[in-house]
Number of protein chains: 2
Amino acid sequence: MSEARGAPARGAERADAARNRRAVLQATERLLAEGAGNGRGGGVGGASGEHVSLDRVAALAGVGKGTVFRRFGNRAGLFAALLEERSRALRAAVADGPPPLGPGAPPRERLLAFLDGLGAIAEGNALLLTAHEQACADDKYDDPSYQFWHRHLAGLLAEAGHPPEDADFLAHTVLAVFDGALVRRLTTPDEPRRFTRSVQTLATTLLDGA
Amino acid sequence: MSEARGAPARGAERADAARNRRAVLQATERLLAEGAGNGRGGGVGGASGEHVSLDRVAALAGVGKGTVFRRFGNRAGLFAALLEERSRALRAAVADGPPPLGPGAPPRERLLAFLDGLGAIAEGNALLLTAHEQACADDKYDDPSYQFWHRHLAGLLAEAGHPPEDADFLAHTVLAVFDGALVRRLTTPDEPRRFTRSVQTLATTLLDGA
DNA sequence: CTGTTATGCGGACTGGCGGTCCGCTTGTGC
DNA sequence: GCACAAGCGGACCGCCAGTCCGCATAACAG
């Protein structure tokens, strides 16, 4: 069992280690973005973003493959780290920022503000989302990030009047919709926030049904 | 581009071909089921159902690997075929069977009946579901089966009063919840139908919000 | 500045997988 | 029984996640 650490458990990490971590993360996002550019449908290739092999990440980052694995544990860990970085601000704002994201606002406003933030992240990182889903075979539900969002959502839904077990499932439902491929499918240049609007409509419907 | 065919386009398929197709399908489900039995957490293995390699399927079926690929095109095609077989009856019943599944019943009854059927399939084939999701990189939404269920759901939701674009997204939402890992997580021996009940609750909430 | 040490590095290596290819076998129609 | 297409099988290929261990070097004490 590889002990994946985003940052070292205790004490500062060595300077070169920190530099390499940044390099690997940047290389990963560059490869992910590059995959998006292939307009021509090759036929075989299929999903964009899945030919991001860790060998290539390591090469582009200018580090050895071992470094990538020591730092991130495995493929899933790498994508999770990138995702975590992208959503750190939202996480903080939700946990103890000012309303309407943070505590204090009525659940409806908090929910809509939260989904606006999460939707923006999803719309801007759809390929990363897919890569992460593919990499987490089925332990997606054990991911700390997932659990944080899920607790938050379930809490708000419960606060809005849903019985606990329903709130739990409905929270899973809302998160299930954050599927990379679905996000990509709904996001077009002329409707960049269609996905978010749809999710908010869904949330409103659920709230009204409490 | 491999031309996957479940059954030959025209004329009957040769006897041995048919026999082999059955054998491969059966081997696949046996391997899938066997994966479920590993109570001990191996640590590395991860998801159950993902070590079903096509080599093993071919070996267990007593055929060559080439046969598997000629018949099903690729990994995704194999799981899709199995899934299609499992849901064929429901598909037929929905398309032109008697109410409440088939046409004629009010949308609410049809929806609940449909989800009862689809939920049962999901609960009984959660590992297959996961395997299929993993195999379809992100063309899940182009799968004919998916599109059939989606059209059906969107139709019912629209019939119940949702504007078309909302109905479309809500249909995706309901289907997004049919995630193999989530189904497995909610299905326990003492609550074998908890997933279905939850989905029905979700559907009811959505209908009431129309 | 120098010596010591553990932290980190890298890339060869392994096992295994999806998918292809082509010479051979076998079912089928006449 | 024959000819031929349809089907077969498994060797083969390229690739990839993940491991391992000898080597370099950052950090720090004296």
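- The name given to chain A in an unreviewed UniProt entry is TetR/AcrR family transcriptional regulator, with Streptomyces triticirhizae as the source organism.

Points about the protein's contact with DNA strand D
(1) Moving on: By nearness alone, 22 residues border DNA strand D, and Leu-54, Lys-65 and Arg-75 of chain A together with Arg-14 and Asn-20 of chain B come closest of all.
(2) Moving on: At 3.4 Å from a base nitrogen of DNA strand D is found a main-chain nitrogen or oxygen belonging to Lys-65 of chain B.
(3) Moving on: Taken together, the elements giving at least two residues each to the surface near DNA strand D come down to α1 (15–36), α2 (54–61) and α3 (65–72) of chain A together with α1 (15–36) and α3 (65–72) of chain B.
(4) Moving on: Examining the composition of the surface near DNA strand D, we find that five residues originate from one element, α3 of chain B, more than from any other.
(5) Moving on: In terms of residue class, the surface near DNA strand D is made up of five nonpolar, seven polar and ten charged.

Structural notes on the interface of chain A and chain B
(1) Moving on: Each side of the interface is counted separately: chain A has 38 residues, and chain B has 38 residues.
(2) Moving on: At the boundary of chain A with chain B, total buried surface from both sides reaches about 3,100 Å², with 62% on carbon and sulfur atoms.
(3) Moving on: Area buried by chain A at its contact with chain B is led by Asp-138, Tyr-141 and Phe-169 of chain A, which between them contribute 21% of it.
(4) Moving on: Inspection of the chain A/chain B interface yields eight salt bridges.
(5) Moving on: We note a salt bridge from Arg-185 of chain A to Asp-142 of chain B, for which the minimum N-O separation is 2.8 Å.
(6) Moving on: Applying the counting rule to chain A against chain B returns nine residue pairs in polar contact (both at pLDDT 80 or more).
(7) Moving on: Only α6 (126–135), α8 (164–176), α9 (180–186) and α10 (194–208) of chain A provide two or more residues apiece to the side of chain A that touches chain B.
(8) Moving on: Here the side of chain A that touches chain B is composed, by residue class, of 17 nonpolar, ten polar and eleven charged.

Concerning the protein's contact with DNA strand C
(1) Moving on: Every one of the 21 residues lining DNA strand C counts as a neighbour, but Arg-14, Asn-20 and Arg-70 of chain A together with Lys-65 and Arg-75 of chain B are closest to it.
(2) Moving on: Near the protein, meaning within 4 Å, the atoms of DNA strand C are sugar or phosphate in a fraction of 62%, with bases accounting for the rest.
(3) Moving on: Within the side chain of Asn-20 of chain A, one N or O atom sits 2.5 Å away from a phosphate oxygen of DNA strand C.
(4) Moving on: A distance of 3.2 Å separates a phosphate oxygen of DNA strand C from a polar backbone atom of Gly-64 of chain A.
(5) Moving on: Among the elements of the structure, α1 and α3 of chain A together with α1 and α3 of chain B are those that each provide at least two residues to the surface near DNA strand C.

Quick word on the pattern of salt bridges
(1) Moving on: Throughout the structure, instances matching the rule amount to 36 salt bridges over all chains.
(2) Moving on: The salt bridge involving Arg-86 of chain B is made with Glu-29 of chain B; its shortest N-O contact spans 3.7 Å. You can see Arg-86 of chain B sitting in helix α4 (residues 75–96) and its partner Glu-29 of chain B sitting in helix α1, a full 57 residues away along the chain.
(3) Moving on: Of the residues examined, Arg-86 of chain B reaches a relative accessible area of 31% and is grouped as partly exposed.
(4) Moving on: When its relative accessible area of 28% is taken as the criterion, Glu-29 of chain B is described as partly exposed.
(5) Moving on: Arg-91 of chain B is the partner of Glu-84 of chain B in a salt bridge, and the nearest nitrogen-oxygen pair spans 3.9 Å.
(6) Moving on: Given the relative accessible area of 26%, Glu-84 of chain B is considered partly exposed.
(7) Moving on: Owing to a relative accessible area of 22%, Arg-91 of chain B belongs among the partly exposed residues under this scheme.
(8) Moving on: The network of salt bridges with common partners includes Glu-165 of chain A together with Glu-191, Arg-194 and Arg-197 of chain B.

Re the relation of the copies chain A and chain B
(1) Moving on: Overlaying chain A with chain B gives an RMSD of 0.0 Å, the required rotation being 180° about an axis along which the chain moves by 0.0 Å. Here the copies are linked by what is in effect a two-fold axis. When C-alpha positions in chain A are compared against the rotation axis, the closest is assigned to Ala-176 of chain A, at 2.8 Å.
(2) Moving on: Mapped onto chain B, 100% of the interface residues of chain A are again interface residues, and the two copies thus contact each other with one and the same surface.

Some details on the packing of helix α5 (residues 107–124) of chain B against helix α7 (residues 144–159) of chain B
All names here are of chain B.
(1) Moving on: Interhelical geometry of α5 versus α7 gives an angle of 155° and a closest axis separation of 9 Å. Taken together, the axes of α5 and α7 lie roughly antiparallel to each other. Two packed elements cross with a definite hand, and for α5 against α7 that hand is left-handed. Seen from α5, the contacting residues are Pro-107, Arg-110, Leu-111, Phe-114 and Leu-118; seen from α7, they are Trp-149, His-152, Leu-153, Leu-156, Leu-157 and Glu-159.
(2) Moving on: Split into classes, the residues belonging to the contact of α5 with α7 amount to eight nonpolar, one polar and two charged.

A closer look at the packing of helix α7 (residues 144–159) of chain A against α8 of chain A
Residue and element names in this part refer to chain A.
(1) Moving on: It is at 8 Å that the axes of α7 and α8 come closest, and there the two elements cross at 125°. Relative to α8, α7 is oriented oblique. For the crossing formed where α7 meets α8, the hand is right-handed. Contact residues: α7 offers Tyr-146, Trp-149, His-150, Leu-153, Ala-154, Leu-157 and Ala-158, while α8 offers Ala-167, Asp-168, Leu-170, Ala-171, His-172, Val-174 and Leu-175.

Looking at the layout of surface pockets
Taking a probe equal in size to a water molecule and rolling it over the atoms shows the remaining empty space.
(1) Moving on: Considering only enclosed or pocket space, the second largest pocket measures out at about 200 Å³ in volume.
(2) Moving on: What lines the second largest pocket is Asp-138, Asp-139, Tyr-141 and Asp-142 of chain A together with Ala-181, Arg-184 and Arg-185 of chain B.
(3) Moving on: Class assignment for the residues of the lining of the second largest pocket results in two nonpolar, no polar and five charged.

Describing the UniProt feature "DNA-binding region" (unreviewed entry) in chain A
(1) Moving on: Feature annotation in UniProt assigns "DNA-binding region" (unreviewed entry) to the following positions: residues 53–72 of chain A.
(2) Moving on: For the annotated span residues 53–72 of chain A, helix accounts for 80% and strand for 0% of the residues, and the straight-line distance between the end C-alpha atoms is 14 Å.

A few points about the environment of Arg-30 of chain B
Residue and element names in this part refer to chain B.
(1) Moving on: Note that Arg-30 resides in helix α1.
(2) Moving on: Among the residues examined, Arg-30 registers a relative accessible area of 57% and is labelled exposed.
(3) Moving on: Put simply, Arg-30 and Gly-119 are 89 residues apart on the chain and 21 Å apart in space, counted from C-alpha to C-alpha.

So, how was this worked out
Residues numbered from 1 in each chain as written. Chains lettered and ligands numbered in written order. Predicted model: local features only at pLDDT ≥ 70, side-chain atom pairs only at ≥ 80, totals over all residues. Heavy atoms only, no water. Near = heavy atom within 4 Å. Polar contact = N/O pair within 3.5 Å; in protein donor to acceptor, adjacent residues only side chain to side chain. Helix = DSSP H or I, 4+ residues; strand = E, 2+ residues; numbered from the N terminus. Nonpolar A, V, L, I, M, F, W, Y, C, P; charged D, E, K, R; others polar. Contact = heavy atoms within 4.5 Å. Buried area = accessible area lost by both parts, 1.4 Å probe. Salt bridge = Lys/Arg side-chain N within 4 Å of Asp/Glu carboxyl O. Buried < 20%, exposed > 50% of the residue type's maximum accessible area, 1.4 Å probe, protein only. Least-squares fit on C-alpha atoms with pLDDT ≥ 70 in both. Axes fitted to C-alpha atoms, helices over the stretch in contact; angles between N-to-C directions. Parallel < 35°, antiparallel > 145°, perpendicular 65-115°, else oblique. Left-handed = near helix turned anticlockwise from the far one by under 90°. 1 Å grid on protein atoms, 1.4 Å probe; cavity = no way out; pocket = protein on both sides within 12 Å on 5 of 7 lines; lining within 4 Å. Points joined across faces, edges and corners; volume = space filled by probe spheres on them. UniProt positions renumbered as here; feature names shortened; annotations may be inferred.

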